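Here is how the chains run, residue by residue.
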Amino acid sequence: MSTSPRVHVLVVDDLADNRGLLAQILVRRGYRVSQAADGRAALAAIAADPPDLLLLDLMMPVMDGFMVLAALRDRPGFLPTIVVTAATERPERLRALAAGADDFVAKPVDPEELVLRVEGLLKLKRANEQLAAANDALLRQNEVVEEQVAERTQALSQANAKLQELDALKDHFLASLSHELRTPLNAVLGFASVLDDEVAGPLTAEQHRFLSKILAGTEVLLALINDLLDMSRIQAGKFSLDAERLQIADVCKDVVENLQVLAEQRHHRLSCAVAEGLPGVLADRQRLFQVLVNLVNNAIKFAPEGTPITIRAEMAGEHVRCEVEDRGPGIAPEDLPKLFKRFSQLEHGNVRSGPGTGLGLSIVKALVEAHGGMLGVRSEQGVGSVFWFTLPLAGAPVAPGR
């Protein structure tokens, strides 16, 4: 096998004939060979012209092979070493291996065996060098990736901080705007009601019609503003509950009474089905009323005229579960995750959401979770939807706010 002259083998032996024989065998195979007569000369040669492989005799004067192996132990890099010795006893071989030798060739040397062992160790050396090079490249690549990740993380952190700042400014602006709008709108609603009641004098039928539109539009605006105020309080952490022990049946009855006229305008059959013997729940009556009104209003808005809308309540484990069921167009599966997000409005078939902030269901979610409950929905297109939430029983702890 021909080997590149750049492959350098150092032969170390105190006997010139032995060195010459080994050198002759390797030179014929194309190796570049240098020689050293003792251990000290070998270490000097290694320092001056590092070899790719070392053929080392063990028994030498001045500095034997074991001392050379010990001196090379802390040398960086891998220098394959074949011990060439007449000492074939097992203890000597084990001692040499423990000192750092990689292989053995017994004297007298078999040329073919020597070449095969040299080639095998050189292949191992090349594999180690390739592995080390790949590892270095991987480390460099990892450093580059870590730097890129750090830069992107910093950029994302700065962008996130900016978004949070803008979100806080938006919430502050909406809260301030809502407060500023609420006072004049209440004044408009109050004076329009006074006029509609003819306190200031009689009105014509057409004037009453105009005032009814003013009142309706003002009430819509006030509802939108109240949504914005609720959400701003929730986002600012200034929202709290006035929880008390109450019966879910009483709140359901109030909701039906308040929304019955609106439901009848669209020919819905609005009813309440509360299981008998339900224990009391711990809840804020006004906020629970708000949750149910919001869910029933959505059902009235989207369900086809003449279909039933039912409020149900029953036990579910250690909670009371309340549902609002409609026979509306249903919600597409891909739209379900959007339902409870702020400012999200969906189109239900050919029915548009109409005027609104898109905050209703996100407020409902916040109110339910503030009570320590859960909110969810199951829906099938063309069949209808069931919005459900749970409430803790009286005596269970309630979150103080958000």
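Check the entry above for the structure.
Let us look at the structure shown here. Each chain carries its own residue numbering, running from 1 in the direction its sequence is written. Two thresholds apply to this predicted model, a pLDDT of at least 70 for residue-level local features and 80 or more for giving and counting side-chain atom pairs, whereas whole-chain, interface and lining totals are computed over all residues. Excluded from the side-chain calculation are hydrogens and water; included are all heavy atoms of the structure.

### Side note on the packing of helix α2 (residues 39-48) against helix α3 (residues 65-72)
Next up, step 1: Angles shown run from 0 to 180 degrees and are taken between the N-to-C directions of axes, each axis being a line fitted to C-alpha atoms and, for helices, limited to the stretch in contact. The way it works is that DSSP assigns letters per residue, a run of H or I at least four long becomes a helix, a run of E at least two long becomes a strand, and they are numbered from the N terminus. Close contact between α2 and α3 brings their axes to 9 Å; oriented N to C, the two are set at 30°. In terms of orientation, α2 and α3 fall into the roughly parallel class. As for how α2 packs across α3, the hand of that crossing is right-handed. Contact with α2, carried on its side by G39, L43 and I46, involves V68, A71 and L72 of α3 and no other residues of that element. What sets the label is the angle itself: under 35 degrees gives roughly parallel, over 145 gives roughly antiparallel, 65 to 115 gives roughly perpendicular, and the rest give oblique. Two helices cross in a left-handed way if the nearer one is turned anticlockwise from the farther one by less than a right angle. They cross in a right-handed way if the turn is clockwise. By definition in these notes, contact holds between two residues if any of their heavy atoms fall within 4.5 Å.

### What to know about a nonpolar patch on the surface
Next up, step 1: The grouping of L163, L166 and L169 at the surface amounts to a nonpolar patch, some 300 Å² of accessible area in total.
Next up, step 2: Structurally, L169 can be placed in helix α5 (residues 111-196). Residues form patches when they are more than 30% accessible in relative terms and have no salt bridge. Like charges link within 9 Å. Nonpolar side chains (Val, Leu, Ile, Met, Phe, Trp, Tyr) link within 5 Å. Method for areas: the Shrake-Rupley scheme with a 1.4 Å probe, in which residue coverage is limited to the protein chains shown. Salt bridges, as used here, are contacts in which a Lys or Arg side-chain nitrogen is within 4 Å of a carboxyl oxygen on Asp or Glu.

### Structural notes on the packing of aromatic side chains
Next up, step 1: The rule is short: rings of Phe, Tyr and Trp, with Trp giving its six-membered ring, pair when the centres are within 6.5 Å, and they are stacked under 30 degrees, edge-to-face over 60, tilted in between. Enumeration according to the criterion identifies 0 aromatic pairs in this entry.
Next up, step 2: Definition used: whenever NZ (Lys) or CZ (Arg) falls within 6 Å of the ring centre and also within 35 degrees of the ring normal, the charge is taken to sit over that ring. The cationic tip of R321 hangs over the ring face of W388; the distance from NZ or CZ to the ring centre is 4.3 Å.

### Looking at the sheet that holds strand β3 (residues 53-56)
Next up, step 1: We call two strands paired when DSSP finds no fewer than two bridges between them. With parallel pairing, the 5 strands of this open sheet are ordered in space as β2-β1-β3-β4-β5. What marks the edges here is a single partner per strand, and that holds for β2 (32-36) and β5 (103-106). With direction set aside, neighbouring strand axes in the sheet form an average angle of 20°.
Next up, step 2: Of the pairings in the sheet, the one linking strand β4 (residues 81-85) to β5 comprises 4 bridges and is parallel in character. Among the inter-strand pairings, V84 is bridged to a residue of β5, identified as V105.
Next up, step 3: Relative to the sheet, α2 contacts β1 (8-12), β2 and β3, its axis offset from that of β1 by approximately 165°.

### Considerations on the sheet that holds strand β12 (residues 384-392)
By way of backbone hydrogen bonds, the strands of a sheet pair with one another, either parallel or antiparallel.
Next up, step 1: Taken together, the 5 strands give an open sheet; going across it, the order is β7-β9-β10-β12-β11, and neighbouring strands pair in mixed fashion. Each end of this open sheet is capped by a strand with a single partner; those strands are β7 (269-274) and β11 (375-380). On average, each strand axis in the sheet is inclined to that of its neighbour by 15°, with strand direction left out of account.
Next up, step 2: Where β7 meets strand β9 (residues 308-316), 6 bridges bridge the pair, whose relative direction is parallel. Bridge assignment links R269 to a residue of β9, and that residue is P308.

### Some thoughts on the pattern of salt bridges
Next up, step 1: Per the stated rule, a full pass over the model turns up 15 salt bridges.
Next up, step 2: For E112, the salt bridge is made with R29, and the minimal N-O distance between the two is 2.8 Å. Of this pair, E112 sits in helix α5 while R29 sits in the loop between α1 (16-28) and β2, placing them 83 residues apart in sequence.
Next up, step 3: Each residue's exposure class comes from its accessible area (1.4 Å probe, protein chains only) as a fraction of the maximum for that residue type: buried when under 20%, exposed when over 50%, partly exposed otherwise. Residue classification places E112 among the partly exposed residues on the basis of a relative accessible area of 45%.
Next up, step 4: Between E206 and R209 there is a salt bridge; the shortest N-O distance is 3.7 Å. You can see E206 and its partner R209 sitting in helix α6 (residues 205-236), 3 residues apart, about one turn around the helix.
Next up, step 5: Note on E206: relative accessible area 44%, which makes it partly exposed.
Next up, step 6: The exposure class assigned to R209 is partly exposed, which follows from its relative accessible area of 40%.
Next up, step 7: Put simply, D13, D57 and K107 are held in one network by salt bridges that share partners.

### So, helix α8 (residues 285-302)
Next up, step 1: The terminal C-alpha atoms of α8 lie 26 Å apart, and with 18 residues this matches the ideal 26 Å at 1.5 Å per residue to within 8%.
Next up, step 2: One side-chain oxygen of the residue at the start of α8 lies 3.1 Å from the amide nitrogen of Q286, identifying that residue as D284. Take the residue count of a helix, subtract one, and multiply by 1.5 Å to get its expected span. Polar contact is defined as a pair of N or O atoms within 3.5 Å, subject to the rule that within protein one atom must be able to donate a hydrogen and the other to accept it, and that residues adjacent in sequence are counted only when both atoms are side-chain atoms.

### A closer look at the pairing of β3
Next up, step 1: The side-chain alternation of β3 yields two buried faces, one formed by L53 and L55 and the other by L54 and L56.
Next up, step 2: Sheet topology note: the β1/β3 ladder contains 4 bridges and is parallel. Bridge pairing in β3 links V11 to L55.
Next up, step 3: Examined bridge by bridge, β3 and β4 share 3 bridges and lie parallel to one another. Across the sheet, L54 pairs through a bridge with T81, a residue of β4.
Next up, step 4: Seen with the strands pointing away from the viewer, any crossover whose path from the first strand over the helix to the second strand runs clockwise is right-handed. You can see the chain leave β3, run along α3 and come back into β4, and the turn it takes is right-handed.

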